[in-house]
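# Analysis of the macromolecular model
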Amino acid sequence: MAKLVSNMASTLSGTTLVPGDKSISHRALMLGAVAVGETRIQGLLEGEDVLATAAAMRAMGVDVKKMDNQWIVNGVGLGGLTQPDGPLDMGNSGTAARLLMGLIAGHEISVTLIGDKSLSSRPMKRVMEPLEQMGAVFESENHNAQLPLTIRGRAQPIPISYDLPVASAQVKSAIILAGLSASGITTVVEPHPTRDHTEKMLTALGAEIKICNRADGAREISLNGQPELSAIEITVPGDISSAAFPMVAALVVAGSQITLKNIGLNPLRTGIIDSLKEMGANIKIINHHVHAGEEVGDIVVRQSPLKGIVVPSSRAPSMIDEYPVLAVGAAFATGTTRFEGVGELRVKESDRLAAVEAGLKAAGVVVRSGSDWMEIDGCGDGFVPGQGLVETHLDHRIAMAFLVLGMGAKNPVSIDDGAPIETSFPGFVELMNGLGANIKAL
Ligand code: S3P
């Protein structure tokens, strides 16, 4: 266990990049693997989660390597993945596990997926159900819908039309990935639009995808199966879910101003910026442009007094990973912040509502929560007591959120384990200390 302590920072200043987008990185490796030709990827996230995907693709016969500053995937074409020799270890990554199940469902191979303690306790039924309808067969050692699981795919899955019961880009993507090998149209209907990186990247590779936004707010995505996918060059922008940590840190540390360069600003991911602005944050986007179908820009953040808000459930899909750090921002606000419709946070890398509540309470902040909501009574800027040892439960975002809390709190905040940060934000401590934070090993 790598214990870390975050002491109050004087000011944060400077210009920096953050590591590549995790969602786009997983998809670049998986789609590159089933395209024809050589996919070149710039800016791939070299975090443990994405490296698990790279290793899985290699184990299924795909040549994936890093040369100079680029990652190169020699695609085997749709249907070309081969039987791995042993189980594939997806580590901590729900995205890797669920998206791979979709890809495997469209191949005549049988693959056992395993993961760490956190991943092995996450629900997989949501992805098994539609994939079973498409013809995949699952076997589970423990007779439950959790890893370890063995999935047997088929060369020609059955195309289906599926209404997602939960707004989940992972489940949507798994169905689309299986639908790639199906003959005919596979349709997914999502109750609220979720991140659309799979749809965007597949379209860039040559697949035919139709999107229909329904009057009730739902979105229908239809894929014409068995497309010719041609390899392309992919540039991965900085991850807004990682940028959120230095953003909130700069808002709560007196006198701060930072610039985060080249951050992905896909409109289905920017709920955190909307929420922080509503709280009074001084955030400006400069150099806004579109690169390879994805919006990108630089984010300039200045320290600002924040006020409590209600974050509506309709915003949850566009900032689902940012609630832990927004809760930390809310602790520095004046007034109460309420999160609505956030039950999904209970099944992330940890039960994030429970972990945030325990950590904030340990730091002297008043919090209340229910099955799918949370309220934080802000202490006001400069008045968060701090102190306490926060349990991170193998959850990178809990670890980083509470290190941010320590940067603005009166007393140091410690976390029991900083190791999970490597899954999504390698170099986080060095980057934050470079901007002016004071994080040390305990
Ligand atoms: C992701 C989707 C989200 C998100 C996760 C990445 C993706 O999960 O929390 O970190 O890349 O598709 P859900 O699909 O479970 O909401």
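Since the structure is predicted, the reported quantities are computational estimates derived from the model, not experimental observations.

Quick look at the site of the ligand now. Taken together, Lys22, Ser23, Arg27, Thr95, Arg98, Ser168, Ala169, Gln170, Arg195, Ile320, Asp321 and Lys348 make up the full set of residues adjacent to the ligand. Within the side chain of serine 23, a nitrogen or oxygen atom sits 2.7 Å from an oxygen atom of the ligand. Aspartate 321 places a polar side-chain atom, nitrogen or oxygen, 2.7 Å from an oxygen atom of the ligand. Here the ligand loses 96% of its free accessible area of 380 Å² to cover by the protein chains. Breaking the shell around the ligand down by element, the ones donating at least two residues are α1 (22-34), α3 (94-105) and α5 (169-179). Across the shell around the ligand, the residue classes tally to two nonpolar, four polar and six charged. The residues that make up the shell around the ligand include at least three from each of domain 1 (4-20 + 237-441) and domain 2 (22-235).

Here serine 414 is to be found in strand β23 (residues 413-415). The contacts of serine 414, once residues within four sequence positions are left out, are Leu4, Val5, Gly388, Leu389, Val390 and Leu442.

With that settled, the discussion passes to the side chain of aspartate 49. Of note, aspartate 49 is situated in helix α2 (residues 48-59). Discounting residues that sit within four places of it in the chain, aspartate 49 has contacts with Lys22, His26, Asn92, Ser93, Ala96 and Thr423.

What follows concerns the domain arrangement of the protein chain. One can read the domain layout of the protein chain as domain 1 (4-20 + 237-441) and domain 2 (22-235). Its C-alpha centre places domain 1 at a distance of 28 Å from the equivalent point of domain 2. The interface of domain 1 with domain 2 comprises 24 residues on the first partner and 28 residues on the second. When the two sides are added together, the surface that domain 1 and domain 2 hide from each other amounts to roughly 2300 Å², 51% of it contributed by carbon and sulfur. On the surface where domain 1 and domain 2 come into contact, there are three salt bridges. The closest approach of N and O atoms between arginine 126 and glutamate 344, which form a salt bridge, is 2.9 Å.

This next bit is on the pairing of strand β19 (residues 336-340). Only one face of β19 is covered, namely the face carrying Thr337 and Phe339; the face carrying Thr336, Arg338 and Glu340 is uncovered. Traced from strand β18 (residues 310-311) through helix α9 (residues 323-331) to β19, the parallel crossover comes out right-handed.

Leu12, Leu276, Leu360, Leu405, Met407, Phe428 and Met432 are the most contacted members of the largest nonpolar core, which has 77 residues in total. Looking at this core, the element that brings in the most residues is helix α7 (residues 240-252), giving ten residues. Dropping the residues within four chain positions of it, leucine 12 is found in contact with Ala249, Ala250, Val253, Ser256, Gln257, Ile258, Met407, Met432, Leu435, Gly436 and Ala437. Of all hydrophobic cores here, the second largest spans 67 residues; its members include Trp71, Leu88, Ala174 and Leu202.

Our next topic: the environment of glycine 359. Tracing the backbone through its elements, the reader meets glycine 359 in helix α10 (residues 352-362). You can call glycine 359 buried: its relative accessible area is 3%. Considering only alpha carbons, one finds glycine 359 and isoleucine 398, 39 residues apart in sequence, at a separation of 8.7 Å. Not counting chain neighbours up to four residues away, the residues in contact with glycine 359 comprise Val390 and Phe402.

Looking at helix α6 (residues 197-205), one finds that the buried residues are His197, Thr198, Glu199, Met201, Leu202 and Leu205. Those residues of α6 that are buried lie in contact with α1, α5, β12 (209-213), β13 (219-224), β14 (233-235) and β17 (294-302). Note on α6: the residue one or two positions beyond its end, glycine 206, has a positive phi of about 115°.

Taking 1.5 Å as the rise per residue, α3 with twelve residues should run 16 Å; its terminal C-alpha atoms sit 17 Å apart, in good agreement. Across the twelve residues that make up α3, a large majority, twelve, are buried. Buried residues of α3: Gly94, Thr95, Ala96, Ala97, Arg98, Leu99, Leu100, Met101, Gly102, Leu103, Ile104 and Ala105, and no others.

On to the sheet that holds strand β9 (residues 149-152). As summarised here, the arrangement of the four strands in space is β6-β7-β9-β8, forming an open sheet in which the pairing is mixed. Bordering the open sheet on either side are β6 (88-89) and β8 (137-140), each of which pairs with just one other strand. In terms of strand pairing, β6 meets strand β7 (residues 110-114) through two bridges, oriented parallel. Pairing of leucine 88 across the sheet is with leucine 113, part of β7.

In summary, the side chains of a regular strand alternate between the two faces of the sheet. When strand β11 (residues 185-190) meets β13, the two strands line up antiparallel, connected through six bridges. If you follow glutamate 190 over to β13, its bridge partner there is arginine 219. Of the pairings in the sheet, the one linking β12 to β13 comprises five bridges and is antiparallel in character. Note on β13: the bridge partner recorded for asparagine 213 is arginine 219.

Bringing the sheet that holds strand β5 (residues 70-76) into the picture now. With mixed pairing, the four strands of this open sheet are ordered in space as β4-β5-β3-β14. Edge positions in the sheet fall to β4 (63-67) and β14, since each has one partner strand and no second. Mean inter-strand twist for the sheet, computed between neighbouring axes without regard to direction, equals 20°. Sheet topology note: the β4/β5 ladder contains five bridges and is antiparallel.

Under the definition given, this model contains three aromatic pairs. Taking 6.3 Å as the distance between ring centres and 80° as the angle between the ring planes, the aromatic pair formed by phenylalanine 245 and phenylalanine 428 counts as edge-to-face. Here phenylalanine 428 lies in helix α12 (residues 428-435) and phenylalanine 245 lies in helix α7, a separation of 183 residues in the sequence. Aromatic pair tyrosine 323 and phenylalanine 339: ring centres 4.9 Å apart, planes at 70°, arrangement edge-to-face. Note that tyrosine 323 is positioned in helix α9 and phenylalanine 339 in strand β19, a separation of 16 residues in sequence. Three or more aromatic residues joined by ring pairs make a cluster, and in this case those are Phe245, Phe425 and Phe428.

Definitions and cut-offs
Residues numbered from 1 in each chain as written. Predicted model: local features only at pLDDT ≥ 70, side-chain atom pairs only at ≥ 80, totals over all residues. Heavy atoms only, no water. Near = heavy atom within 4 Å. Polar contact = N/O pair within 3.5 Å; in protein donor to acceptor, adjacent residues only side chain to side chain. Areas by Shrake-Rupley, 256 points an atom, 1.4 Å probe, with all protein chains shown as cover. Helix = DSSP H or I, 4+ residues; strand = E, 2+ residues; numbered from the N terminus. Nonpolar A, V, L, I, M, F, W, Y, C, P; charged D, E, K, R; others polar. Domains from an automatic or database assignment. Contact = heavy atoms within 4.5 Å. Buried area = accessible area lost by both parts, 1.4 Å probe. Salt bridge = Lys/Arg side-chain N within 4 Å of Asp/Glu carboxyl O. Buried < 20%, exposed > 50% of the residue type's maximum accessible area, 1.4 Å probe, protein only. Right-handed = clockwise from strand over helix to strand, strands pointing away. Core = buried A, V, L, I, M, F, W, Y, C linked by side-chain atoms within 4.5 Å. Expected span 1.5 Å × (residues − 1). Pairing = 2+ DSSP bridges. Axes fitted to C-alpha atoms, helices over the stretch in contact; angles between N-to-C directions. Phe/Tyr/Trp six-rings, centres within 6.5 Å; stacked < 30°, edge-to-face > 60°.

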